[in-house]
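Spelled out from the first residue to the last, the chains are:
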Amino acid sequence: MSGYTNKKELTDAIRKSFVSYDKEFDDIDESEKDLLKTGIDKTPSQNLSYHIGWTGLLLSWESDELKGLEVKTPTPEYKWNNLKELHNSFYKSYGPYSLKKQREILSEKVIEILTWIESLDENTLFLPEQRKWATTPAKWPLYKWIHINTVAPFKSFRTQIRKWKKI
């Protein structure tokens, strides 16, 4: 996992990985958004829905904690051992939208995350145990939670969608 040393490195990585990921959808026809291809576990729509769901959860964890609410990750309805059903809920929620609309929603979420990062001081972002929702035995700082819900999947899912397009 990347070890960023400042906000600019993190926000630059998010922007770069998101732009590269998003561009992969430029030449996918709307009629193929739900097409599952052999060897690929997600359709283009599911691929986008996954990201909309996780970026939305990340933002909701932060928002809820700041409101004084108890945050249950990943959600009150789904535990970490039931991620398949959580992902299915993302597909059900966002799958009916067009690829264009899904891309718009995801872009808005990414902008919200970048704005959130800019609002944080360096200690909150880079020191562990700064948020109750982010406190784990691994003692990850917020930036790692942000990375695993943005940069890392944007890169790996870009590879998936590129493979989908070649088949």
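Scroll up to find the structure this text is about.
Computed from a predicted structure; not experimentally measured.

The rules behind these values
Residues numbered from 1 in each chain as written. Predicted model: local features only at pLDDT ≥ 70, side-chain atom pairs only at ≥ 80, totals over all residues. Heavy atoms only, no water. Core = buried A, V, L, I, M, F, W, Y, C linked by side-chain atoms within 4.5 Å. Buried < 20%, exposed > 50% of the residue type's maximum accessible area, 1.4 Å probe, protein only. Helix = DSSP H or I, 4+ residues; strand = E, 2+ residues; numbered from the N terminus. Contact = heavy atoms within 4.5 Å. Phe/Tyr/Trp six-rings, centres within 6.5 Å; stacked < 30°, edge-to-face > 60°. Expected span 1.5 Å × (residues − 1). Arc of directions from axis to C-beta. Axes fitted to C-alpha atoms, helices over the stretch in contact; angles between N-to-C directions. Parallel < 35°, antiparallel > 145°, perpendicular 65-115°, else oblique. Nonpolar A, V, L, I, M, F, W, Y, C, P; charged D, E, K, R; others polar.

Caption draft 1: Structural detail: the nonpolar core. Grouped together as the largest cluster of nonpolar side chains are 43 residues, with contacts concentrated most on I14, W116, L125, W133 and I146. Those elements that provide at least two residues to this core are α1 (7–23), α2 (44–66), α3 (83–94), α4 (99–119), α5 (122–126), α6 (142–148) and α7 (151–166). The residues contacting I146, other than those within four sequence positions of it, are L10, I14, L58, I113, W116, I117, L125 and V151.

Caption draft 2: Molecular detail of the packing of aromatic side chains. Applying the stated criterion across every chain yields a total of 15 aromatic pairs. With 5.5 Å between their ring centres and 55° between their planes, F18 and F154 make a pair best called tilted. Placement of F18 in helix α1 and of F154 in helix α7 is noted, with a sequence separation of 136 residues between them. For the pair F18 and F154, one class covers both residues: buried. Between Y50 and W54, the ring centres sit 6.5 Å apart and the planes meet at 55°, which makes this aromatic pair tilted. On the criterion of helical spacing, the pair formed by Y50 and W54 is a turn pair, its members being four residues apart in helix α2. Residue Y50 is classed as buried on the basis of its relative accessible area of 15%.

Caption draft 3: Spatial organisation of α1. With 17 residues, α1 extends 24 Å between its outermost C-alpha atoms, agreeing within 8% with the 24 Å of an ideal straight helix rising 1.5 Å per residue. Along α1, the residues that are buried comprise K7, L10, T11, A13, I14, S17, F18, Y21 and D22. Taken around the axis of α1, the buried residues stretch over an arc of 155°, which confines them to a single face. Exposed positions of α1 whose direction lies more than 90 degrees from the buried face are K8, K16 and K23. Looking at the buried side of α1, the elements it contacts are α2, α4, α5, α6 and α7.

Caption draft 4: How the structure looks around the packing of α1 against α4. Two elements in contact, α1 and α4, have axes separated by 10 Å at closest approach and are oriented at 175°. Judged by the inter-axis angle, α1 sits roughly antiparallel to α4. In this structure, α1 contributes K7, L10, T11, I14, R15, F18, Y21, D22 and K23 to the contact, and α4 contributes R103, L106, S107, V110, I113, L114, I117 and E118. Of the residues that constitute the contact of α1 with α4, the class distribution is nine nonpolar, two polar and six charged.

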